[in-house]
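Structure assessment
In case you want the letters, here they are:
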2 protein chains.
Amino acid sequence: MSKRQMIIGMHLGNGYGSQPGAWRMPGTDPRSYASFDAKVRQAQAAERGKLQFLFLPDGPSQMVDIEEEAPNFNLDVMLTLAAVARETSRIGLIATGSTTFNEPYNLARQFKALDVMSHGRAGWNAVTSSGEDVAANYGQRIPPSAHRYGRAHEMIQLVQALWGSWGREAWLHNHNTGQFAKADQIAPINMGGKYVASRGPLYIPPSEQGQPVIVHAGGSPNAHDLAGPYASAAIGASFTIEDARAQRAAFREAAERAGRDPDEIKYFPGLMTTIARDRRSALDRRIAMTERLFPQRVAYLQRMLGIRLDPDRLDAPLSDKQLNAAHPSPRDPRSAQALKIAREGWSLRDVLAHGVIDYHPVIAGPAIEAADHMQEWFKAGAADGFWISPDIYEDGIDAFVDGVIPVLQERGLFHHDYEGITLRDHLGAPTQYGLDPRISG
Amino acid sequence: MSKRQMIIGMHLGNGYGSQPGAWRMPGTDPRSYASFDAKVRQAQAAERGKLQFLFLPDGPSQMVDIEEEAPNFNLDVMLTLAAVARETSRIGLIATGSTTFNEPYNLARQFKALDVMSHGRAGWNAVTSSGEDVAANYGQRIPPSAHRYGRAHEMIQLVQALWGSWGREAWLHNHNTGQFAKADQIAPINMGGKYVASRGPLYIPPSEQGQPVIVHAGGSPNAHDLAGPYASAAIGASFTIEDARAQRAAFREAAERAGRDPDEIKYFPGLMTTIARDRRSALDRRIAMTERLFPQRVAYLQRMLGIRLDPDRLDAPLSDKQLNAAHPSPRDPRSAQALKIAREGWSLRDVLAHGVIDYHPVIAGPAIEAADHMQEWFKAGAADGFWISPDIYEDGIDAFVDGVIPVLQERGLFHHDYEGITLRDHLGAPTQYGLDPRISG
Ligand SMILES: Cc1cc2nc3c(=O)[nH]c(=O)nc-3n(C[C@H](O)[C@H](O)[C@H](O)COP(=O)(O)O)c2cc1C
Ligand SMILES: Cc1cc2nc3c(=O)[nH]c(=O)nc-3n(C[C@H](O)[C@H](O)[C@H](O)COP(=O)(O)O)c2cc1C
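Rules and cut-offs
- Residues numbered from 1 in each chain as written.
- Chains lettered and ligands numbered in written order.
- Predicted model: local features only at pLDDT ≥ 70, side-chain atom pairs only at ≥ 80, totals over all residues.
- Heavy atoms only, no water.
- UniProt positions renumbered as here; feature names shortened; annotations may be inferred.
- Phe/Tyr/Trp six-rings, centres within 6.5 Å; stacked < 30°, edge-to-face > 60°.
- Helix = DSSP H or I, 4+ residues; strand = E, 2+ residues; numbered from the N terminus.
- Buried < 20%, exposed > 50% of the residue type's maximum accessible area, 1.4 Å probe, protein only.
- 1 Å grid on protein atoms, 1.4 Å probe; cavity = no way out; pocket = protein on both sides within 12 Å on 5 of 7 lines; lining within 4 Å.
- Points joined across faces, edges and corners; volume = space filled by probe spheres on them.
- Nonpolar A, V, L, I, M, F, W, Y, C, P; charged D, E, K, R; others polar.
- Axes fitted to C-alpha atoms, helices over the stretch in contact; angles between N-to-C directions.
- Parallel < 35°, antiparallel > 145°, perpendicular 65-115°, else oblique.
- Contact = heavy atoms within 4.5 Å.
- Salt bridge = Lys/Arg side-chain N within 4 Å of Asp/Glu carboxyl O.
- Left-handed = near helix turned anticlockwise from the far one by under 90°.
- pLDDT = per-residue confidence, 0-100.
- Near = heavy atom within 4 Å.
- Polar contact = N/O pair within 3.5 Å; in protein donor to acceptor, adjacent residues only side chain to side chain.
- Areas by Shrake-Rupley, 256 points an atom, 1.4 Å probe, with all protein chains shown as cover.
- Least-squares fit on C-alpha atoms with pLDDT ≥ 70 in both.

As recorded by an unreviewed UniProt entry, chain A carries the name NtaA/DmoA family FMN-dependent monooxygenase and is attributed to Paracoccus aurantius. Among the UniProt annotations of chain A, the heading Sequence similarities (unreviewed entry) holds the following wording: "Belongs to the NtaA/SnaA/DszA monooxygenase family."

Shown next, in the form of structure tokens:
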């Protein structure tokens, strides 16, 4: 009987790390944003830890203050993964590609080429893109949700049909007989719907995993409905174990509604990590990176806790009066955790340094705390694994790989090495080539 | 006074070579079509010869008989060049990208990312795509010429504007001051025309050459008009020295009409090579690869020469009667050369083996014959250099690099090493960042 183990991915982003100040820390090459060497090095570090996949979000857009912060995304996710594909051998490669702002033929072609290039390690995170910031780059406005998701369903079907249009056994390349391929197994698809159409075929033979894996990132009912019929993994963001359990269940139910086994879709909430010798060192590391943002975060924390806080008194813990008056905002799922940390008596600066206002749960402390958190969520049925965002890529990846991974391995929660070679193997995703016959378009 | 020298590029295609039978020759890996290792190896061989660029045509389409022939193109030109960029250091990387079937923002982003990744070696061959076969992949029909070329002009302008939208000096990444970039030098472009629009900016800093070089491939008046204002190189197909001289002049005149120095646009006709010890070995090599096609080529040769030919008598030379009756077709520029070869007394098979019906002039013989041909065209003002299609990539590249290149170098016609590091350096193209201020959209 094989024991269920967790699957771990890593966010591969702008070259610096998940914290806005990561780019200016000592030991970080400040040119990493434009450095493919840096991305490859970071991917290799994750592969050293036997992580199952890299996850590359994508806009393309920019919502940071570029005077002081690096853009959030990769220069180009496909070219980054092409470099990584050539210079790693096992880790899965999941890139985000918009279903709204790409031609299906172009997207199908690049993802399948990446899959061949990486010997079966590619995944497509199919998202509809929801920011006007992104739409403007295409001279457009964001279409209404029904349009976006209608197109997304058609896109995924069409792209998978193109992937299957070069028959799995069609390529003979027989030196002796001179037969290159079986022409009758490489055929047009002639598919067209309300939003997209293509004739095909796509002239790309299968990879070691057949075709790329479909992934989705989101948490709305739309996300569940899109992931349900197609996705092998859902990349999520949950702040509490309860929310993660509900999200995971929603994705599993959506898969079942589509006629699939719920185990075919894995749910991965995010986790941000600052792994250090002890809590104090971890907090100091985060303070060095993000203190610049603390004044605005104090203002935000006030609203989360429903009390007045003084941005000039970062050194002091919250007073009993403040702690008694506080009531966590039901509108922000991070509020309870923020109050819990404040009640432990940390200074206001340290409360913020715990990452109580960040995009995902934050572990700032020794490796064992990250392992405990992951174990708890995993055992509670809140996750099939996690996607990790280290604070700084360079030494933050190493700290995770050398600190947290061995603990999880000792506990039997994480594999000691890659068992398979493809992303499908790593995710336990079933074989699929072309359309899934169980799903109708 | 620096002597004018030729610039040489190489076609990097399907992994096998320019001849349809290349895939099944001994020494060829029959899986090269899907092998990025093969493409990288071929690119490295060209770089060993100090060639200035690789040229990757692109459909994406398929017009071959896949039962017996490999597709003509790369799985994906950008991913191929990403691999090549990481594993070569000097050779220029020119990929074809359709102005009709791409979103300008996506195309701008990938080419500039490739330029950064390759440290300033990227070029964009901007073509409008003219085949219904291509359009069908996008669920479309080919738009009328005026639409295609109207859009092409807008695309090139918009893409260049996006390239320039991250100011050349905007990126400071200053660890000490904490200033990442000058926000006021990274600005939206807000451009929109009749066909395409984008707000931008594109968040990619300059490469070592600023931004990719614009190239065009074609020979029609449309091609001249599109290349004139923008292109640093025109990739052509000319069968005679007269035609090449006329083509080169037409591109130069178009550049002048646009207010540029005619030397800013280089003209490169194609050349197909089978380099061997002697003519006989070269012909035998080509026969082994292409004899399968000779019956249909005999039929075609009949029309070129205006005489009856017997496909069952491939061993015999043309009779005096046939040679006297022959009159080269004015509709096919290859006819005169075909008759010249036939008059030399070669068997019908050998006449065809000379490549008299191929996409470009063919050199089948010792290295010195290729060098002589290139020298003659170059000295006659018919070319600024050439793009070479070796018959088989593997040993056909080596034969060119080790045979022809040293002869050209001895004659002072080709550089002994790369002088610069960027594609702009290799082409002698002037600096440009963003739009060319001399050209209005
Ligand atoms: C963890 C996570 C990661 C996401 N990554 C991306 C991304 O990389 N690119 C993107 O356009 N949207 C991304 N999204 C956004 C969702 O795909 C979705 O567009 C968003 O939740 C808005 O929902 P709507 O499309 O129903 O309006 C992500 C969402 C989550 C939860
Ligand atoms: C040497 C050469 C290479 C070409 N390469 C490509 C190519 O890779 N992709 C493409 O779509 N068209 C290519 N073309 C076609 C031209 O761009 C152009 O579409 C064609 O000559 C038809 O002209 P039109 O657009 O005026 O109808 C090439 C043309 C020449 C002469």
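**What to know about the packing of aromatic side chains**
Applying the stated rule across the entire model yields 30 aromatic pairs over all chains. Ring plane angle 40 degrees and centroid distance 6.0 Å describe the contact between Phe-111 of chain A and Trp-124 of chain A, whose orientation is recorded as tilted. Taken together, the residues span a long stretch of sequence, with Phe-111 of chain A in helix H3 (residues 104-117) and Trp-124 of chain A in strand E4 (residues 122-127) at a distance of 13 residues. For Phe-111 of chain A, a relative accessible area of 3% translates into the label buried. Among the aromatic residues, those joined into a cluster by ring pairs are Tyr-16, Trp-23 and Tyr-33 of chain A together with Trp-166, Trp-171, Phe-180 and Tyr-203 of chain B.

**Looking at empty space enclosed by the protein**
One pass over the full model with this rule turns up four cavities of 30 Å³ or more. Within this model, the largest cavity holds a volume of roughly 680 Å³. What lines the largest cavity is a set of 40 residues, among which Asn-106 and Gln-110 of chain A together with Asn-102, Asn-106 and Gln-110 of chain B lie closest to the centre. Contributing elements (two or more residues each) for the lining of the largest cavity: helix H2 (77-87), strand E3 (92-98) and H3 of chain A together with helix H2 (77-87), strand E3 (92-98) and helix H3 (104-117) of chain B. Grouping the amino acids of the lining of the largest cavity by side-chain chemistry returns 16 nonpolar, 16 polar and eight charged.

**Here's the deal with the packing of helix H1 (residues 36-48) of chain A against helix H14 (residues 393-410) of chain A**
All names here are of chain A. Packing of H1 against H14 brings their axes to within 9 Å, and their N-to-C directions diverge by 10 degrees. Comparing their axes, H14 and H1 come out roughly parallel. Two secondary-structure elements touch here, H1 through Ala-38, Arg-41, Gln-42, Ala-45, Ala-46 and Arg-48 and H14 through Tyr-393, Glu-394, Ile-397, Asp-398, Val-401 and Asp-402. Here the contact of H1 with H14 is composed, by residue class, of six nonpolar, one polar and five charged.

**Describing the pattern of salt bridges**
Residues and elements named next belong to chain A. Tallied over the entire structure, the rule returns 60 salt bridges over all chains. Across the pair Asp-225 and Arg-257 runs a salt bridge whose closest N-O atoms are separated by 3.2 Å. Of this pair, Asp-225 sits in helix H6 (residues 221-230) while Arg-257 sits in helix H7 (residues 241-257), and the two are 32 residues apart along the sequence. Asp-225 sits in the partly exposed class, given a relative accessible area of 41%.

**Section: the packing of H3 of chain B against helix H5 (residues 145-164) of chain B**
The relative placement of two packed helices is expressed as an angle between their axes plus a distance between the axes. Residues and elements named next belong to chain B. With their axes 9 Å apart at the nearest point, H3 and H5 run at an angle of 55 degrees to one another. For the element pair H3 / H5, the angle class is oblique. The two elements H3 and H5 meet at a crossing, and its hand is right-handed. Taking contact as the criterion, the partners of Pro-104, Tyr-105, Leu-107, Ala-108, Phe-111 and Lys-112 in H3 are, on H5, Met-155, Leu-158, Val-159, Leu-162 and Trp-163. Looking at side-chain class alone, the contact of H3 with H5 contains ten nonpolar, no polar and one charged residues.

**Description of the confidence of the model for chain A**
Taken as a whole, chain A shows an average pLDDT of 96; of its residues, 99% reach a score of 70 or greater. Listed scores for the predicted complex are pTM 0.98 and ipTM 0.97.

**Some words on the site of ligand 1**
All names here are of chain A. Of all residues adjacent to ligand 1, which total 16 residues, the nearest are Pro-57, Asp-58, Arg-148, Tyr-149 and Ala-217. Within the contact set of ligand 1, an oxygen atom lies 3.3 Å away from a side-chain nitrogen or oxygen of Asn-222. Burial of ligand 1 by the protein chains amounts to 74% of its free accessible area of 620 Å². Elements with a minimum of two residues in the shell around ligand 1: helix H5 (145-164) and strand E8 (233-236).

**A short note on unusual backbone geometry**
Residue and element names in this part refer to chain A. The amide bond that connects Gly-200 to the next residue, Pro-201, takes the cis arrangement and shows omega of 0 degrees. Position of Pro-201 relative to the elements: it lies in the loop between strand E6 (197-198) and strand E7 (213-217). A positive phi is found at His-173, a non-glycine position, where the angle reads about 35 degrees. A positive phi is found at Asn-190, a non-glycine position, where the angle reads about 45 degrees. Mapped onto the secondary structure, Asn-190 falls in the loop between H5 and strand E5 (191-192). We classify Asn-190 as exposed; its relative accessible area is 58%.

**As for the relation of the copies chain B and chain A**
Superposition record for chain B on chain A: RMSD 0.0 Å, screw rotation 180 degrees, translation along axis 0.0 Å. As the rotation angle and translation indicate, the two copies are arranged about a two-fold axis. Both copies contact each other with a shared surface, as 100% of the interface residues of chain B are interface residues in chain A too.

**Description of the site of ligand 2**
Residue and element names in this part refer to chain B. Around ligand 2 lies a shell of 16 residues, among which Pro-57, Asp-58, Arg-148, Tyr-149 and Ala-217 are the nearest. Here an oxygen atom of ligand 2 and a side-chain polar atom of Tyr-149 are 2.6 Å apart. Interatomic distance of 3.2 Å between a side-chain N/O atom of Asn-222 and an oxygen atom of ligand 2. With the chains in place, 74% of the 630 Å² that ligand 2 exposes on its own is no longer accessible. Of all the elements in the fold, those that place two or more residues in the shell around ligand 2 are H5 and strand E8 (233-236). Tallied by class, the residues present in the shell around ligand 2 amount to six nonpolar, eight polar and two charged.

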